[in-house]
Amino acid sequence: MDYDVLYRPVFHFTPAEHWINDPNGLVYYAGEYHLFYQYHPHSSVWGPMHWGHAVSTDLMHWTELPIALAPDKLGDIFSGSAVIDRNNTAGFGANAMIAFFTHHIGDGPHQEQTQSQSIAYSLDKGRTWTKYAGNPVIPPPEGVRDFRDPKVIWYGSEEAGRWVMSLATPSAILFYTSPNLMDWTPSGRFGDGWGHTAGLWETPDLFELSVAGTNETRWVLLVGAGEGAAAPAGGTGEQYFIGHFDGQTFTSENPADSVLWADYGPDAYAGQTWTDAPDGRRIKISWMNNWLYARETPTRAWRGAMTVPRELSLRKTPTGIRLIQQPVAELDALRRNSQGWRAVNVTPDQPFAVDLADGAQWEITVEFDLRGNQAGECGLRLTWSDGSTVSMGYAIGEQRLWLDRSRSGATDFHPAFSATHDAPLVLTGDTLRLRLLLDHSALELFADDGLITMTEQIFSTGELMALELFAVAASVTLTQLTATKLHG
Ligand code: FRU
(Lines give C-alpha, C1' and ligand atoms only; values in the text may rest on other atoms or scores of the structure.)
Protein backbone atom coordinates (compact mmCIF):
# COMPACT_ATOMS: atom_id res chain seq x y z
CA MET A 1 0.00 0.00 0.00
CA ASP A 2 1.31 3.42 -0.94
CA TYR A 3 0.78 5.72 2.03
CA ASP A 4 2.71 8.54 0.43
CA VAL A 5 -0.38 9.80 -1.35
CA LEU A 6 -2.01 13.16 -0.67
CA TYR A 7 -4.66 12.92 2.08
CA ARG A 8 -4.27 9.17 2.68
CA PRO A 9 -4.57 8.30 6.38
CA VAL A 10 -2.28 5.65 7.83
CA PHE A 11 -3.98 4.02 10.82
CA HIS A 12 -7.46 4.61 9.44
CA PHE A 13 -8.43 1.98 6.89
CA THR A 14 -8.60 3.03 3.24
CA PRO A 15 -8.63 0.72 0.20
CA ALA A 16 -5.58 0.82 -2.09
CA GLU A 17 -7.86 2.07 -4.81
CA HIS A 18 -11.47 2.85 -5.69
CA TRP A 19 -14.64 3.50 -3.75
CA ILE A 20 -15.76 2.20 -0.36
CA ASN A 21 -18.73 2.91 1.85
CA ASP A 22 -20.29 0.97 4.75
CA PRO A 23 -18.37 -1.53 6.86
CA ASN A 24 -19.96 -4.99 6.43
CA GLY A 25 -19.59 -8.49 7.87
CA LEU A 26 -17.56 -7.51 10.92
CA VAL A 27 -16.58 -10.74 12.62
CA TYR A 28 -13.58 -11.94 14.62
CA TYR A 29 -12.39 -15.47 13.95
CA ALA A 30 -9.18 -17.41 14.52
CA GLY A 31 -7.10 -14.40 15.48
CA GLU A 32 -8.32 -12.10 12.71
CA TYR A 33 -10.68 -9.16 12.68
CA HIS A 34 -12.53 -9.27 9.37
CA LEU A 35 -13.60 -6.02 7.78
CA PHE A 36 -15.74 -6.38 4.69
CA TYR A 37 -17.04 -3.22 3.09
CA GLN A 38 -19.20 -1.85 0.32
CA TYR A 39 -16.77 -1.64 -2.58
CA HIS A 40 -16.86 -0.55 -6.20
CA PRO A 41 -13.78 -2.08 -7.81
CA HIS A 42 -14.06 -0.21 -11.10
CA SER A 43 -14.07 3.44 -10.07
CA SER A 44 -13.83 5.94 -7.24
CA VAL A 45 -17.53 6.62 -7.19
CA TRP A 46 -20.36 4.40 -5.99
CA GLY A 47 -21.47 1.76 -8.51
CA PRO A 48 -22.51 -1.90 -8.57
CA MET A 49 -21.66 -2.97 -5.05
CA HIS A 50 -19.29 -5.78 -4.09
CA TRP A 51 -17.98 -6.77 -0.67
CA GLY A 52 -14.32 -5.85 -0.43
CA HIS A 53 -12.33 -7.55 2.32
CA ALA A 54 -9.49 -6.73 4.68
CA VAL A 55 -8.15 -8.44 7.81
CA SER A 56 -6.20 -7.28 10.82
CA THR A 57 -4.82 -8.86 13.96
CA ASP A 58 -4.60 -5.55 15.85
CA LEU A 59 -7.38 -3.34 14.37
CA MET A 60 -4.72 -0.82 13.31
CA HIS A 61 -2.88 -2.48 10.41
CA TRP A 62 -5.06 -3.94 7.66
CA THR A 63 -4.26 -6.31 4.83
CA GLU A 64 -6.54 -6.09 1.83
CA LEU A 65 -7.65 -9.43 0.42
CA PRO A 66 -9.43 -10.29 -2.85
CA ILE A 67 -13.06 -9.27 -3.27
CA ALA A 68 -15.30 -11.56 -1.22
CA LEU A 69 -18.69 -11.18 -2.90
CA ALA A 70 -19.52 -9.91 -6.39
CA PRO A 71 -22.88 -9.13 -8.01
CA ASP A 72 -24.80 -12.03 -9.58
CA LYS A 73 -28.14 -12.52 -11.27
CA LEU A 74 -30.03 -11.78 -8.03
CA GLY A 75 -28.41 -8.36 -7.83
CA ASP A 76 -25.60 -6.27 -6.40
CA ILE A 77 -24.27 -7.00 -2.93
CA PHE A 78 -25.45 -4.38 -0.45
CA SER A 79 -24.61 -4.08 3.24
CA GLY A 80 -24.89 -6.81 5.85
CA SER A 81 -23.14 -8.80 8.53
CA ALA A 82 -21.39 -12.11 9.30
CA VAL A 83 -21.34 -14.76 12.03
CA ILE A 84 -19.41 -17.92 12.83
CA ASP A 85 -21.81 -20.89 12.87
CA ARG A 86 -20.07 -22.81 15.66
CA ASN A 87 -22.75 -25.48 16.02
CA ASN A 88 -23.39 -25.92 12.30
CA THR A 89 -27.01 -24.78 12.56
CA ALA A 90 -27.06 -24.04 8.82
CA GLY A 91 -25.40 -27.28 7.78
CA PHE A 92 -22.54 -25.68 5.81
CA GLY A 93 -20.04 -27.07 8.34
CA ALA A 94 -18.98 -26.36 11.92
CA ASN A 95 -17.41 -22.92 12.23
CA ALA A 96 -18.52 -21.84 8.78
CA MET A 97 -18.30 -18.08 8.36
CA ILE A 98 -21.71 -17.02 7.10
CA ALA A 99 -22.42 -13.66 5.51
CA PHE A 100 -25.85 -12.00 5.29
CA PHE A 101 -26.35 -9.30 2.70
CA THR A 102 -28.98 -7.55 0.64
CA HIS A 103 -29.29 -8.51 -2.98
CA HIS A 104 -30.17 -5.28 -4.75
CA ILE A 105 -31.59 -4.87 -8.23
CA GLY A 106 -32.00 -1.34 -9.58
CA ASP A 107 -29.72 1.47 -10.66
CA GLY A 108 -30.14 4.32 -8.31
CA PRO A 109 -32.26 6.14 -5.82
CA HIS A 110 -35.03 7.09 -8.23
CA GLN A 111 -35.22 3.85 -10.17
CA GLU A 112 -37.39 0.86 -9.53
CA GLN A 113 -35.57 -1.47 -7.19
CA THR A 114 -35.93 -4.83 -5.52
CA GLN A 115 -34.15 -5.83 -2.33
CA SER A 116 -34.02 -9.29 -0.79
CA GLN A 117 -31.83 -10.95 1.84
CA SER A 118 -29.32 -13.63 0.93
CA ILE A 119 -26.50 -15.62 2.48
CA ALA A 120 -23.07 -16.96 1.52
CA TYR A 121 -20.60 -19.10 3.43
CA SER A 122 -16.86 -19.57 3.67
CA LEU A 123 -15.01 -22.59 5.07
CA ASP A 124 -11.54 -21.05 4.74
CA LYS A 125 -11.56 -18.03 7.09
CA GLY A 126 -13.37 -15.76 4.68
CA ARG A 127 -10.92 -16.23 1.79
CA THR A 128 -13.37 -17.84 -0.65
CA TRP A 129 -17.15 -17.73 -0.62
CA THR A 130 -20.04 -19.79 -1.91
CA LYS A 131 -23.44 -18.24 -2.27
CA TYR A 132 -26.29 -20.38 -0.96
CA ALA A 133 -28.21 -22.02 -3.80
CA GLY A 134 -31.55 -21.25 -2.14
CA ASN A 135 -31.08 -17.45 -2.13
CA PRO A 136 -32.81 -15.22 -1.36
CA VAL A 137 -33.64 -16.43 2.16
CA ILE A 138 -36.02 -13.51 2.69
CA PRO A 139 -37.80 -12.41 -0.49
CA PRO A 140 -38.86 -8.80 -0.97
CA PRO A 141 -42.13 -8.02 0.80
CA GLU A 142 -44.96 -6.59 -1.25
CA GLY A 143 -44.71 -2.79 -1.60
CA VAL A 144 -41.53 -2.22 0.46
CA ARG A 145 -38.90 -0.64 -1.73
CA ASP A 146 -36.12 -0.22 0.83
CA PHE A 147 -35.59 -3.43 2.76
CA ARG A 148 -32.00 -4.04 3.62
CA ASP A 149 -28.80 -4.35 5.63
CA PRO A 150 -29.33 -7.58 7.67
CA LYS A 151 -27.45 -7.68 10.97
CA VAL A 152 -27.49 -11.16 12.49
CA ILE A 153 -26.66 -12.01 16.11
CA TRP A 154 -27.03 -15.03 18.36
CA TYR A 155 -29.52 -14.43 21.18
CA GLY A 156 -29.76 -16.51 24.35
CA SER A 157 -27.79 -19.44 25.68
CA GLU A 158 -25.58 -21.61 23.51
CA GLU A 159 -28.07 -24.52 23.77
CA ALA A 160 -31.43 -22.79 23.83
CA GLY A 161 -30.79 -19.63 21.83
CA ARG A 162 -31.66 -18.57 18.32
CA TRP A 163 -30.46 -16.30 15.56
CA VAL A 164 -31.94 -12.81 15.35
CA MET A 165 -31.84 -10.53 12.33
CA SER A 166 -32.37 -6.76 12.39
CA LEU A 167 -33.36 -5.32 9.04
CA ALA A 168 -33.95 -1.74 7.91
CA THR A 169 -37.07 -0.41 6.24
CA PRO A 170 -37.53 3.35 5.65
CA SER A 171 -38.88 4.23 9.09
CA ALA A 172 -38.59 1.07 11.21
CA ILE A 173 -36.24 -1.77 12.02
CA LEU A 174 -37.77 -5.23 11.56
CA PHE A 175 -36.70 -8.25 13.62
CA TYR A 176 -36.71 -11.88 12.47
CA THR A 177 -35.64 -15.06 14.24
CA SER A 178 -34.27 -18.31 12.89
CA PRO A 179 -32.96 -21.65 14.19
CA ASN A 180 -30.80 -22.31 11.12
CA LEU A 181 -30.00 -18.98 9.37
CA MET A 182 -32.15 -19.90 6.39
CA ASP A 183 -35.74 -19.98 7.65
CA TRP A 184 -36.66 -16.61 9.10
CA THR A 185 -39.83 -15.70 10.99
CA PRO A 186 -40.84 -12.06 11.56
CA SER A 187 -40.85 -11.37 15.31
CA GLY A 188 -41.19 -7.62 15.83
CA ARG A 189 -40.51 -4.08 14.70
CA PHE A 190 -39.30 -0.83 16.24
CA GLY A 191 -39.43 2.71 14.92
CA ASP A 192 -42.50 4.24 13.31
CA GLY A 193 -42.11 7.66 14.88
CA TRP A 194 -39.44 7.02 17.52
CA GLY A 195 -36.23 9.02 17.53
CA HIS A 196 -35.07 11.02 14.54
CA THR A 197 -37.54 10.15 11.82
CA ALA A 198 -36.23 12.19 8.87
CA GLY A 199 -34.16 10.25 6.35
CA LEU A 200 -34.24 6.62 5.36
CA TRP A 201 -33.32 4.20 8.16
CA GLU A 202 -30.42 1.95 7.22
CA THR A 203 -27.68 -0.34 8.58
CA PRO A 204 -29.07 -1.40 11.99
CA ASP A 205 -27.00 -3.03 14.72
CA LEU A 206 -28.28 -4.53 17.97
CA PHE A 207 -26.16 -5.46 20.98
CA GLU A 208 -26.18 -5.66 24.76
CA LEU A 209 -23.75 -3.72 26.95
CA SER A 210 -23.22 -3.45 30.67
CA VAL A 211 -23.76 -0.06 32.28
CA ALA A 212 -20.49 1.09 33.86
CA GLY A 213 -20.47 1.06 37.65
CA THR A 214 -23.67 -1.04 37.95
CA ASN A 215 -24.64 -4.65 37.43
CA GLU A 216 -27.27 -3.66 34.90
CA THR A 217 -27.21 -4.14 31.17
CA ARG A 218 -29.07 -2.45 28.33
CA TRP A 219 -29.62 -3.21 24.69
CA VAL A 220 -28.48 -0.66 22.14
CA LEU A 221 -30.09 -0.33 18.73
CA LEU A 222 -27.85 1.62 16.37
CA VAL A 223 -29.52 3.00 13.24
CA GLY A 224 -28.15 4.92 10.27
CA ALA A 225 -30.22 8.02 9.54
CA GLY A 226 -29.72 8.08 5.79
CA GLU A 227 -30.03 10.54 2.95
CA GLY A 228 -32.39 13.38 3.82
CA ALA A 229 -31.85 12.88 7.56
CA ALA A 230 -30.40 16.32 8.40
CA ALA A 231 -28.35 14.82 11.23
CA PRO A 232 -26.76 17.36 13.65
CA ALA A 233 -23.83 18.15 11.33
CA GLY A 234 -26.00 17.92 8.19
CA GLY A 235 -26.67 14.97 5.91
CA THR A 236 -26.39 11.43 7.22
CA GLY A 237 -25.62 10.36 10.79
CA GLU A 238 -25.85 7.58 13.37
CA GLN A 239 -28.60 7.58 15.97
CA TYR A 240 -29.06 5.04 18.73
CA PHE A 241 -31.74 3.85 21.10
CA ILE A 242 -31.26 2.44 24.61
CA GLY A 243 -33.67 -0.14 25.90
CA HIS A 244 -34.57 -3.80 26.04
CA PHE A 245 -34.62 -6.71 23.65
CA ASP A 246 -36.61 -9.79 24.63
CA GLY A 247 -35.50 -12.07 21.83
CA GLN A 248 -38.41 -10.93 19.64
CA THR A 249 -38.41 -7.17 19.51
CA PHE A 250 -36.77 -4.02 20.84
CA THR A 251 -38.35 -1.41 23.10
CA SER A 252 -36.81 1.95 23.93
CA GLU A 253 -36.67 3.09 27.55
CA ASN A 254 -36.71 6.74 26.49
CA PRO A 255 -39.68 8.76 25.22
CA ALA A 256 -40.48 8.59 21.51
CA ASP A 257 -39.24 12.13 20.94
CA SER A 258 -35.86 11.56 22.56
CA VAL A 259 -33.08 11.56 19.96
CA LEU A 260 -29.62 10.22 20.76
CA TRP A 261 -26.78 10.76 18.30
CA ALA A 262 -23.69 8.60 18.31
CA ASP A 263 -21.58 11.31 16.68
CA TYR A 264 -21.92 15.06 16.25
CA GLY A 265 -19.46 15.43 13.39
CA PRO A 266 -20.56 14.89 9.80
CA ASP A 267 -18.34 11.93 8.97
CA ALA A 268 -19.42 8.83 10.89
CA TYR A 269 -22.05 6.72 9.19
CA ALA A 270 -23.33 3.16 8.85
CA GLY A 271 -21.50 2.08 12.02
CA GLN A 272 -21.38 -1.64 12.81
CA THR A 273 -19.84 -3.66 15.62
CA TRP A 274 -17.75 -6.82 15.54
CA THR A 275 -19.32 -10.16 16.31
CA ASP A 276 -17.29 -12.39 18.67
CA ALA A 277 -14.61 -9.83 19.53
CA PRO A 278 -12.38 -11.34 22.24
CA ASP A 279 -12.79 -10.45 25.92
CA GLY A 280 -16.42 -9.48 25.42
CA ARG A 281 -15.41 -6.18 23.87
CA ARG A 282 -17.96 -4.36 21.72
CA ILE A 283 -16.04 -2.55 18.97
CA LYS A 284 -17.61 -0.26 16.40
CA ILE A 285 -16.24 1.09 13.14
CA SER A 286 -18.05 3.52 10.84
CA TRP A 287 -17.66 4.76 7.32
CA MET A 288 -15.89 8.10 7.69
CA ASN A 289 -18.02 10.01 5.24
CA ASN A 290 -21.37 11.60 4.59
CA TRP A 291 -23.71 10.80 1.70
CA LEU A 292 -24.10 14.57 1.14
CA TYR A 293 -20.67 14.86 -0.43
CA ALA A 294 -19.11 11.38 -0.31
CA ARG A 295 -18.94 11.18 -4.10
CA GLU A 296 -17.06 14.48 -4.35
CA THR A 297 -14.30 14.40 -1.72
CA PRO A 298 -10.98 15.41 -3.32
CA THR A 299 -9.10 12.12 -3.13
CA ARG A 300 -8.35 10.46 -6.43
CA ALA A 301 -7.03 6.88 -6.46
CA TRP A 302 -9.35 5.85 -3.68
CA ARG A 303 -12.40 7.35 -2.04
CA GLY A 304 -13.65 6.64 1.46
CA ALA A 305 -12.11 5.69 4.82
CA MET A 306 -13.19 4.01 8.03
CA THR A 307 -13.09 5.59 11.49
CA VAL A 308 -10.69 4.25 14.06
CA PRO A 309 -12.22 1.17 15.74
CA ARG A 310 -13.90 2.34 18.95
CA GLU A 311 -14.69 0.38 22.06
CA LEU A 312 -18.23 1.00 23.25
CA SER A 313 -19.60 1.17 26.77
CA LEU A 314 -22.59 2.69 28.55
CA ARG A 315 -22.42 5.39 31.21
CA LYS A 316 -25.13 6.66 33.55
CA THR A 317 -25.36 10.45 33.15
CA PRO A 318 -27.76 12.93 34.80
CA THR A 319 -29.90 12.82 31.64
CA GLY A 320 -29.91 9.05 31.23
CA ILE A 321 -27.74 6.22 29.98
CA ARG A 322 -25.46 7.24 27.13
CA LEU A 323 -23.15 5.50 24.69
CA ILE A 324 -19.44 6.05 25.30
CA GLN A 325 -16.87 5.59 22.54
CA GLN A 326 -13.12 5.41 22.95
CA PRO A 327 -10.44 4.39 20.46
CA VAL A 328 -9.56 0.73 21.09
CA ALA A 329 -6.56 0.16 23.37
CA GLU A 330 -4.59 -1.23 20.40
CA LEU A 331 -4.07 2.39 19.35
CA ASP A 332 -1.72 2.86 22.31
CA ALA A 333 0.86 0.62 20.62
CA LEU A 334 1.23 3.25 17.85
CA ARG A 335 2.49 5.85 20.33
CA ARG A 336 6.03 7.10 19.78
CA ASN A 337 7.57 10.23 21.27
CA SER A 338 5.33 12.16 23.56
CA GLN A 339 5.66 15.69 24.85
CA GLY A 340 3.75 16.96 27.84
CA TRP A 341 2.94 20.24 29.57
CA ARG A 342 1.18 21.04 32.83
CA ALA A 343 -0.33 23.96 34.71
CA VAL A 344 -0.27 26.63 32.01
CA ASN A 345 -2.52 29.68 32.29
CA VAL A 346 -4.32 30.41 29.06
CA THR A 347 -5.96 33.83 28.63
CA PRO A 348 -6.99 35.91 25.61
CA ASP A 349 -3.60 37.69 25.75
CA GLN A 350 -1.66 34.58 26.47
CA PRO A 351 -2.36 31.64 24.16
CA PHE A 352 -0.06 28.66 24.32
CA ALA A 353 1.53 27.19 21.20
CA VAL A 354 3.18 23.86 20.51
CA ASP A 355 5.18 22.87 17.43
CA LEU A 356 3.63 19.91 15.61
CA ALA A 357 5.83 20.01 12.50
CA ASP A 358 7.38 16.70 11.53
CA GLY A 359 4.46 14.32 11.38
CA ALA A 360 0.81 14.11 10.33
CA GLN A 361 -0.35 11.43 12.79
CA TRP A 362 -0.94 12.64 16.31
CA GLU A 363 -2.85 11.92 19.44
CA ILE A 364 -3.42 15.07 21.47
CA THR A 365 -5.00 15.09 24.89
CA VAL A 366 -5.98 18.32 26.59
CA GLU A 367 -7.44 19.01 29.99
CA PHE A 368 -8.70 22.48 30.88
CA ASP A 369 -9.75 23.58 34.33
CA LEU A 370 -12.61 26.01 33.73
CA ARG A 371 -13.11 27.04 37.36
CA GLY A 372 -14.19 30.66 37.85
CA ASN A 373 -15.55 31.07 34.32
CA GLN A 374 -19.30 31.43 33.79
CA ALA A 375 -18.90 32.28 30.10
CA GLY A 376 -16.28 32.61 27.39
CA GLU A 377 -14.58 29.87 25.44
CA CYS A 378 -11.41 27.86 25.34
CA GLY A 379 -10.08 25.42 22.83
CA LEU A 380 -7.39 24.56 20.37
CA ARG A 381 -6.44 25.44 16.84
CA LEU A 382 -4.37 23.43 14.36
CA THR A 383 -2.51 25.20 11.56
CA TRP A 384 -0.96 23.85 8.37
CA SER A 385 1.79 25.37 6.20
CA ASP A 386 -0.70 26.37 3.48
CA GLY A 387 -2.58 28.55 5.97
CA SER A 388 -5.41 26.14 6.58
CA THR A 389 -6.72 25.86 10.12
CA VAL A 390 -9.13 23.75 12.12
CA SER A 391 -10.38 25.05 15.46
CA MET A 392 -12.42 23.43 18.14
CA GLY A 393 -13.54 24.73 21.47
CA TYR A 394 -16.02 24.78 24.29
CA ALA A 395 -18.49 27.63 24.86
CA ILE A 396 -18.65 27.47 28.66
CA GLY A 397 -21.94 29.29 29.30
CA GLU A 398 -23.75 27.56 26.48
CA GLN A 399 -22.30 24.14 27.32
CA ARG A 400 -21.54 23.66 23.66
CA LEU A 401 -18.60 21.95 22.00
CA TRP A 402 -17.83 23.14 18.48
CA LEU A 403 -15.48 22.33 15.64
CA ASP A 404 -14.83 24.66 12.71
CA ARG A 405 -13.43 23.17 9.51
CA SER A 406 -14.46 26.06 7.24
CA ARG A 407 -10.82 26.93 6.53
CA SER A 408 -9.44 23.40 6.61
CA GLY A 409 -8.05 23.32 3.04
CA ALA A 410 -10.09 22.02 0.11
CA THR A 411 -13.68 22.70 1.14
CA ASP A 412 -15.31 23.99 -2.04
CA PHE A 413 -16.08 20.60 -3.62
CA HIS A 414 -19.51 20.71 -1.95
CA PRO A 415 -21.38 23.64 -0.36
CA ALA A 416 -22.19 21.66 2.80
CA PHE A 417 -18.59 20.73 3.61
CA SER A 418 -17.34 24.07 4.91
CA ALA A 419 -19.02 24.45 8.29
CA THR A 420 -18.82 24.65 12.06
CA HIS A 421 -20.42 21.72 13.88
CA ASP A 422 -21.86 21.84 17.39
CA ALA A 423 -22.48 19.29 20.12
CA PRO A 424 -24.20 19.75 23.48
CA LEU A 425 -21.76 18.94 26.29
CA VAL A 426 -22.88 19.26 29.89
CA LEU A 427 -19.83 18.75 32.09
CA THR A 428 -20.29 17.20 35.51
CA GLY A 429 -17.44 19.25 37.03
CA ASP A 430 -15.11 22.05 35.97
CA THR A 431 -12.85 19.92 33.83
CA LEU A 432 -13.00 19.77 30.05
CA ARG A 433 -11.21 16.76 28.63
CA LEU A 434 -10.53 16.45 24.91
CA ARG A 435 -8.73 13.73 23.03
CA LEU A 436 -7.93 14.29 19.39
CA LEU A 437 -6.73 11.81 16.79
CA LEU A 438 -5.21 13.27 13.69
CA ASP A 439 -4.23 11.13 10.71
CA HIS A 440 -3.74 13.19 7.53
CA SER A 441 -7.33 13.78 6.32
CA ALA A 442 -8.96 11.99 9.28
CA LEU A 443 -9.74 13.84 12.48
CA GLU A 444 -11.63 12.39 15.42
CA LEU A 445 -12.44 14.30 18.58
CA PHE A 446 -13.46 12.47 21.78
CA ALA A 447 -14.76 14.78 24.50
CA ASP A 448 -15.47 14.01 28.15
CA ASP A 449 -13.91 10.55 27.96
CA GLY A 450 -15.91 9.55 24.90
CA LEU A 451 -19.37 10.88 25.79
CA ILE A 452 -19.31 13.13 22.73
CA THR A 453 -17.47 12.34 19.53
CA MET A 454 -17.01 14.45 16.41
CA THR A 455 -15.67 12.75 13.30
CA GLU A 456 -14.44 15.07 10.57
CA GLN A 457 -12.59 14.81 7.30
CA ILE A 458 -10.19 17.62 6.43
CA PHE A 459 -8.32 18.12 3.18
CA SER A 460 -5.33 20.38 3.72
CA THR A 461 -2.48 20.09 1.21
CA GLY A 462 0.00 21.72 3.60
CA GLU A 463 2.23 20.28 6.28
CA LEU A 464 0.84 20.28 9.77
CA MET A 465 2.69 22.99 11.71
CA ALA A 466 1.34 23.91 15.10
CA LEU A 467 -1.21 23.57 17.82
CA GLU A 468 -2.40 26.61 19.72
CA LEU A 469 -4.45 26.55 22.90
CA PHE A 470 -6.63 29.64 23.25
CA ALA A 471 -9.14 31.33 25.52
CA VAL A 472 -11.74 33.91 24.51
CA ALA A 473 -13.25 36.10 27.26
CA ALA A 474 -12.09 33.52 29.78
CA SER A 475 -9.07 32.63 31.84
CA VAL A 476 -8.51 28.89 32.13
CA THR A 477 -5.77 26.57 33.29
CA LEU A 478 -4.38 24.02 30.94
CA THR A 479 -3.91 21.37 33.58
CA GLN A 480 -2.53 18.84 31.17
CA LEU A 481 -1.52 18.68 27.49
CA THR A 482 0.20 15.82 25.71
CA ALA A 483 1.09 15.59 22.04
CA THR A 484 2.09 12.09 21.01
CA LYS A 485 3.30 11.09 17.60
CA LEU A 486 1.59 7.99 16.28
CA HIS A 487 3.43 5.56 14.10
CA GLY A 488 1.92 3.88 11.04
C1 FRU B 1 -25.82 2.93 3.66
C2 FRU B 1 -26.32 2.20 2.41
C3 FRU B 1 -26.97 0.89 2.80
C4 FRU B 1 -26.83 0.07 1.55
C5 FRU B 1 -25.47 0.50 1.05
C6 FRU B 1 -25.32 0.50 -0.44
O7 FRU B 1 -24.76 3.78 3.43
O8 FRU B 1 -27.20 3.04 1.68
O9 FRU B 1 -28.30 1.02 3.24
O10 FRU B 1 -26.90 -1.29 1.80
O11 FRU B 1 -25.26 1.81 1.54
O12 FRU B 1 -23.99 0.70 -0.82
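Calculation rules
- Residues numbered from 1 in each chain as written.
- Predicted model: local features only at pLDDT ≥ 70, side-chain atom pairs only at ≥ 80, totals over all residues.
- Heavy atoms only, no water.
- Helix = DSSP H or I, 4+ residues; strand = E, 2+ residues; numbered from the N terminus.
- Contact = heavy atoms within 4.5 Å.
- Buried < 20%, exposed > 50% of the residue type's maximum accessible area, 1.4 Å probe, protein only.
- Near = heavy atom within 4 Å.
- Polar contact = N/O pair within 3.5 Å; in protein donor to acceptor, adjacent residues only side chain to side chain.
- Nonpolar A, V, L, I, M, F, W, Y, C, P; charged D, E, K, R; others polar.
- Pairing = 2+ DSSP bridges.
- Axes fitted to C-alpha atoms, helices over the stretch in contact; angles between N-to-C directions.

A. Looking closely at the environment of Val-137. For Val-137, the position within the fold is in the loop between β8 (130-131) and β9 (148-155). Distance from Val-137 to Gly-52, taken between C-alpha atoms, is 22 Å for residues 85 residues apart in sequence. Not counting the four nearest positions on each side in its chain, Val-137 is found in contact with Gln-117, Ser-118, Ile-119, Tyr-132, Met-182 and Trp-184.

B. Spotlight on the environment of Phe-241. Position of Phe-241 relative to the elements: it lies in strand β15 (residues 237-245). On the basis of relative accessibility, which here comes to 3%, the residue Phe-241 falls in the buried class. Contact partners of Phe-241, with chain neighbours within four places excluded, come to Phe-190, Trp-194, Gly-195, Trp-201, Trp-219, Val-220, Leu-221, Val-223, Phe-250 and Ser-252.

C. View of the site of the ligand. Residues in close proximity to the ligand include Asn-21, Asp-22, Gln-38, Trp-46, Met-49, Phe-78, Ser-79, Arg-148, Asp-149, Glu-202, Tyr-269 and Trp-291, which together make up its full environment. In this structure, Gln-38 approaches the ligand through a side-chain N or O atom, which is 2.6 Å from an oxygen atom. Within the side chain of Arg-148, an N or O atom sits 2.7 Å from an oxygen atom of the ligand. Elements that contribute at least two residues to the shell around the ligand include exactly β1 (18-29), β5 (76-85) and β9. Looking at the shell around the ligand residue by residue, the class counts come to 5 nonpolar, 3 polar and 4 charged.

D. Layout of the sheet that holds strand β25 (residues 361-369). If you trace the 6 strands from one edge of the open sheet to the other, you get β23-β34-β25-β30-β31-β32, paired in antiparallel fashion. Of all the strands in the sheet, just β23 (335-346) and β32 (452-457) have a single pairing partner and so form its edges. Along the sheet, successive strands turn relative to each other by an average axial angle of 15°, direction set aside.

Note that every value here comes from positions in space, so none of it alone points to a role or purpose.
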